[in-house]
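Summary of the model geometry
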Amino acid sequence: MSKETKNYVCPYCGESHDTQDGLKSHVFKSHKGRGLPTAEGRIKLMINKAEHSFLVEPSWTLYYLIHDILGLTGSKQFCDRGACSSCTMIVDGKPVLSCMMLAIECDGKTVETVEGIAADGHPLIEAYVNNHAMQCGYCTPGFVVASKALLDRNQDPTEEEIVEALAGNLCRCSTYPQHPIAVREAAEKMKAGGVK
Amino acid sequence: MSKNSEIQTEQMLEMFDNLKADKYPLKEYKYIGQKGPRRVDGLAKASGHADYTMDIQLPGMLHMRLLMSPYPNAKILKMDTSKAEKLPGVRYVLRYDDPEVQQGEIIGKTAGFFGLDRPLSDSAHMEGELVGAAVAAETESIAEEALSLIEIDWEERPFNLDPVAASDPAAPLSFPERYIDGNHWNRGAYDELTHGDIKKGFAEADKVVEFSFKRTANTWVGPERPCGVCKWNGDNVEIWLKHQRVHLPKSRISEWYGGIPMSKIEIHSLYQGASFGGWCQIDWNLGPLWCAGAVSKRVGRPVKYIFDRREDFFGGSMDEGTYFVKVGFKNDGTITAVDTTLYHVNAIWPVFSPALHIHDNTRVQHLHGHSKSVWVNKGHTVPTRCEMLPPVLTQTMIFDHVATELGMDPTVVALKNDGCMGHDMEWAREEKEKRGFPARDSLKECIEKGKAEFKWDESWHKPGARKLPNGRMHGVGFTWAHEWDDSSGGGEFAIRIERTDAAATLMAMGADQGVDAENTYCRIAADELGFLLKDVNYNPQVYRGFYRMTPDSSTNMSVNGWAVRHAARILKQKILESAASPSSPTQRGSFQPAFPNMQPEDLDIKDSLIFVKSDPSRQMSMADFVRLAGESGPFATDEFLGTRVGWSEPLFAVGYHIQYGAYNPVNPRPRFCRQAHFMEVEVDTETGEVIVTRVVNVNDVGKVINRMSCEGQQYGGSIMGVSRAKFEEVVHDPVTGVMLNGNLLDYKIATMKDLGPIGTILVETGMGYGPYGLIGIGEDIGTVVPGLLAPAVYNAIGVWIDEMPITPARVLKALGKI
Amino acid sequence: MKEFKHFNAYSVDEAVALMGRYGERAAVIAGGTDILGKMKDSILPAYPEALINIKTIDGLSEIKESGGMLKMGALALLADIADNAVIKSKYAALAQAAGRTASPHLRNMGTIGGNICQDIRCWYYRNQNNRFSCLRKKGGRCYAIKGDNRYHSIFGGSVSGGCFAVHPSDTAPALVALDAKIVTSSRTIDAEKFFEVKPVKTTVLKADEIVTGIQVPEPPAGSSSAFLKFALRKSIDFPIVNCAVMLTRKDGKVTAARICLNAVHVIPYRAIKAEQVIIGRVLDEAAAEEAGAAAVAEAKPLEHNKYMVAVARTLVKRAILACAEK
């Protein structure tokens, strides 16, 4: 009878060992304190206040997960390289570029997209419409999300602060002058109406 | 003659007599010219619910990517796709030598543009050209990976990047399959323009100046890249396409795959992530669509192709090239002769002589201009904002060189030479009156308003004469052009009144350009019909047929605006006739008219109410008039109750308009409206940085319909213009011909922080050929403003920068610092 | 992107163990804003088999001052560094550098560790699908030498045969100017000695070594620092040239100076000659001007980047004067 070599593979890092004991001591040494491994790629996250669970490939960006897999197509892909901010989403309260984040690294996170912001009736939406802060509209969701994140952390931004916050958002139609106007209008409305 | 035929005759006259002013404008306007109301598309776009072709996903859809040539001029000798075909997830690899591909269907047969010879070629004439193979796979990533597994034996050939060098007879052939006699070819009637006698003109001059300048490659950068989806429903084909002129691909598709009846082709024209002109007509956009359709048919699944960002960079803007200028002028600023030559790159559009605008706008009688089209190993160039980029840039440079040579205020030089087609302003005044226009001096008005807003008189100074406390050199520049609506074409618009609430639905296939044209058409329809604006709607994303002229920002407002107006006038008359007439739909006899004992001319419509003019208290809402659409169709009668409540006929009208006379050499339309632009800069002479601190745009649009839209074109065009003038340059490696900056980090478009405030002024002289005296605006500012930076920088430092974009390196070189 | 394995490391040891196992076949991912771009464009001959995520390691994102030192974990976000009140007042060059890096949203993702470890910028190196397999990819030659080198090194090449790419970090020169130390999983190194060029590396880190933190000593009394960045656009862009300066003055004269340029060479460039000029001088326009000239005295510009010499010289001057204003 030939001797079979068994491979005991570490579920955390993939390292293989000849014996189960060898695997055990490796796990204690290198991965102490870890919980039981979940299926690779299983993530849970909150998207627009709703719980979601996905099985994702490592290569999926957060943008791809939300736009292509979940089908919330509001966030847009302009450059896909982190240079334009059209894919902006709010993750754990901060505006970030979803095309440069891996979905598999978003386990346990909270995500807000433009659809959620609109569904909540945020005054920014009307302010954007009224002030023509869009033309072709492709970059608009990225601006709306970035502006909303700004108003979350600063309820009374100056024009300079608005420009700084939106400085990474590209607009080829060049609607730039209208955004500070729209954001100020929303801020005023929120101050007046006590809207949060 | 019935009133309807009278109106239709009027429409015909307006159409064929469109070398004159609007004879029948409205007497009052309610929505036309108003600053509000809100955009038709605004909510969808702001809330992320506007769908673009990039967002489309269909059940079972495959993703297609095409092979990019790594070489600027090369032929495929052998291609092995076996590894790509075996990659898990790949469903089809379409090859250039496939029999259906080889049949030689011409992609660009219609509309006179140069076409691809085949959808997938075996030779490439620019690095990055989509040739050889198209892969359809379950995901985009798999398709990409499959492409990297294709093995090709290439025959590399020498290449050209510069048009002047490429026009040397000794230069290698850039496109040996098509241009076999050399890289320079003459395109057609408009690329050379001669008027008067330039020898005589130069002889009359007090001074003659010669100069040259170069505008390097710059490109479109639409946020949504070219993409499309093709799905077969039996022998009907359904297409989603990012395209500026929707009916153009429909025409071409009807020639494909053995021919498809137009009525079996449905095109979805969703929102467009920018349309700046011409991009969607380039053949490498339709080639992939052909491949998607062919593969979709073979595999039985919808196929979507998407360009990646780099692929979107490969073509360029029409101002690319090297310009040579000779201008003669008198000491008082009068220009006596202009001779210009442009070595122009890879045009697929007509390339107008660089002297064209001088002829259009001025009294200069002696001129010659020649655009030499040269093929180099780069992508096509298209009108990125407008095909007038070269003539406009040339005009700016000529006028500012003359002004600086004489030490004169450029606004004075402009006014001195203003005119039309080689005639002076007196001739122009007579022409205006002959054609029924108010005889206003548009340029004078624009300049006066602009100077006041800009504070030009306090700002302008001799070149290099003002150093600021911050150490930088201050400069101001001015330029001008006519305001244009250059298109020649036709548009159709239909309007139908819905049952139940009498909402008016405008119908025409088009592509949203982002300029809120939809709202503009609704305003025209509302004012013409007498409806409340809320009762008029237009959703071009829903396919309803009819072909409106596209693009929409400017030139075609004057075609489509007429078409909407014609439709609305015919429809209004139809409504009034229907309201005053009995209607006899059945053998049981007719219904009483809604307004008995009235003639149509006794009635009118206002605020969506039909009323008797002499007694407005006798009124009926349109909703009551058109009746409900109930379960029996349009509600006619409740027979069981024995009541007859009336009925109205279907209310629907079509209007159309043809525009003629813009490019028409026999009887062109003299251009009476003008635009003027002012720019202020600061130049840091230690780093070469140029900071644009202020821009003021003044545009005479004839008649404002949608004020915020017009302003959007002004500041939008200015920012894009400054971006092009300062940053934008497509860079190719001189050794390998490979594009080096095909991404948004290395190709730079302006951010919100990159320039100062833009002032916008709209003038309304009524001297446009469009309805109500309107003329276009959207193409202009983005086309005119890029050239304005050079005069402003000259005013700051007293040295000409002769290569654009005006980068710090070029400024430092001009200053002699490097 | 093509598929790869993904590992979350929960401790530095785990990260190091994984890196040791995979060697060059894996890459570390922190903010991801550099590595993901490289992978999307497939710029390298070999695609990473695995990514090792270090964001899951606790305790590496703190920012605090203790023991006479500013201590930042490697995962401290650039936005947090830019907004930190202590850093803005006492380590101004670093706050300014972090605040001018990239764009607002990227600063919410990018880490200080990642920023100094980021790969070179050169549009030949970074062309899609490894179009130019250059010296830095163990390939044949440097394509910038005869090509368009308008953004490349003005202080010569870095490996034999070429490589004129530049180091694009904004925070790196600030850390050098502030005399920072880089703490790794196995040692502590002076910031200035952290950067080194071998064909496929830009730092001295070994294959199984990661940055865990950065320490900046409290500047001596009488010190001030400043950072300036030159780029075509006022946001998003990598620097064409940047400059960080820390000066210490006593009785109106400069007693110590650290001047560091970046984006002008493949590693941050300490302008020693400029420092020598300024020491002992009163800070005025003339001294700053001289220092600027000295900073570029050894410049060896290429055909298309002579303007960078003028810009570097000007930035050194202006950064010095900016310190004088404080």
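Residues numbered from 1 in each chain as written. Chains lettered and ligands numbered in written order. Predicted model: local features only at pLDDT ≥ 70, side-chain atom pairs only at ≥ 80, totals over all residues.

A look at the overall build of chain C
Helices and strands together make up the secondary structure of chain C, namely 12 helices and 14 strands. For 326 residues, the compact-globule formula gives about 20 Å, and the C-alpha radius of gyration of chain C, at 19 Å, lands near that figure. Taken over the C-alpha atoms alone, chain C extends approximately 60 × 50 × 30 Å along its principal axes. Long-range contacts, defined here as pairs at least 24 residues apart, represent 66% of the contacts in chain C between residues at least 6 apart. (Helix = DSSP H or I, 4+ residues; strand = E, 2+ residues; numbered from the N terminus. Rg over C-alpha atoms; globule rule 2.2 N^0.38 Å. Contact = placed C-beta atoms within 7 Å.)

Things to note about unusual backbone geometry
Residue Pro805(B) follows Met804(B) across a cis peptide bond; omega there is 10°. Summarising the element assignment, Pro805(B) is placed in the loop between β36 (803-804) and α23 (808-814). The residue Asn48(A) is not glycine, and still its phi comes out positive at about 50°. Assessed through the 19 C-beta atoms surrounding it within 10 Å, Asn48(A) is described here as partly exposed. For Thr500(B), which is not a glycine, the phi torsion comes out positive at approximately 75°. (Buried ≥ 20, exposed ≤ 12 C-beta atoms within 10 Å, placed from the backbone.)

Description of the interface of chain B and chain A
Contact residues are listed per partner, giving 42 residues for chain B and 42 residues for chain A. Those elements that provide at least two residues to the side of chain B that touches chain A are α2 (42-46) and α20 (707-726) of chain B. For the side of chain B that touches chain A, the element with the highest residue contribution is α20(B), accounting for six residues.

Topic: the pairing of strand β16 (residues 335-345) of chain B
Residue and element names in this part refer to chain B. Burial within β16 is extensive, with 11 of its 11 residues counted as buried. Note that strand β15 (residues 321-329) and β16 share nine bridges and pair antiparallel. Bridge pairing links Val327 to Val338 in β16. Linking β15 to β16, which pair antiparallel, is a turn of five residues; within it Gly333 sits at a positive phi near 100°. Pairing geometry for β16 and strand β17 (residues 366-374), over nine bridges, is parallel. (Pairing = 2+ DSSP bridges.)

Observations regarding the sheet that holds strand β12 (residues 265-268) of chain B
Strand pairing within a sheet occurs via backbone hydrogen bonds; the two strands may be parallel or antiparallel. Residue and element names in this part refer to chain B. Pairing is mixed across the open sheet formed by seven strands, whose spatial order is β3-β5-β1-β13-β10-β11-β12. Here the strands that pair on one side only, and so sit at the sheet edges, are β3 (90-95) and β12. For this sheet the average axis-to-axis angle between neighbouring strands, irrespective of direction, equals 20°. Sheet analysis places strand β10 (residues 227-233) next to strand β13 (residues 303-306), joined by four bridges and oriented antiparallel. (Axes fitted to C-alpha atoms, helices over the stretch in contact; angles between N-to-C directions.)

Details of the sheet that holds strand β2 (residues 26-29) of chain C
All names here are of chain C. The strand order across the open sheet formed by three strands is β1-β3-β2, and the pairing between neighbours is parallel. Edge positions in the sheet fall to β1 (5-8) and β2, since each of these pairs with one other strand and no more. Put simply, the sheet's adjacent strands are angled 25° from each other on average, direction ignored. Note that β1 and strand β3 (residues 50-53) share four bridges and pair parallel. Counterpart to Lys5 in the pairing with β3 is Ala50.

Quick word on the confidence of the model for chain B
Of all residues in chain B, 92% attain a pLDDT of 70 or more, and the chain-wide mean is 90. In this model, residues 108-114 of chain B is a region of pLDDT below 50 whose contacts with residues beyond four sequence positions or in other chains number 15 contacts. (pLDDT = per-residue confidence, 0-100.)

Remarks on the confidence of the model for chain C
On average, residues of chain C score 96 in pLDDT, and 100% of them are at 70 or above. Reported confidence for the predicted complex is 0.97 by ipTM and 0.95 by pTM.

Here we look at the nonpolar core
Counting 352 residues, the largest nonpolar core has Val793(B) and Ala93(C) as the members making the most contacts within it. The element that contributes the greatest number of residues to this core is helix α12 (residues 306-324) of chain C, accounting for 12 residues. Other than its neighbours up to four places away in sequence, Val793(B) contacts Gly475(B), Val681(B), Val683(B), Val690(B), Ile801(B), Ile806(B) and Val811(B). Counting residues in each nonpolar core, the second largest holds 70 residues, with Tyr31(B), Val536(B), Val559(B) and Leu576(B) among its members. (Core = buried A, V, L, I, M, F, W, Y, C linked by C-beta atoms within 7 Å.)

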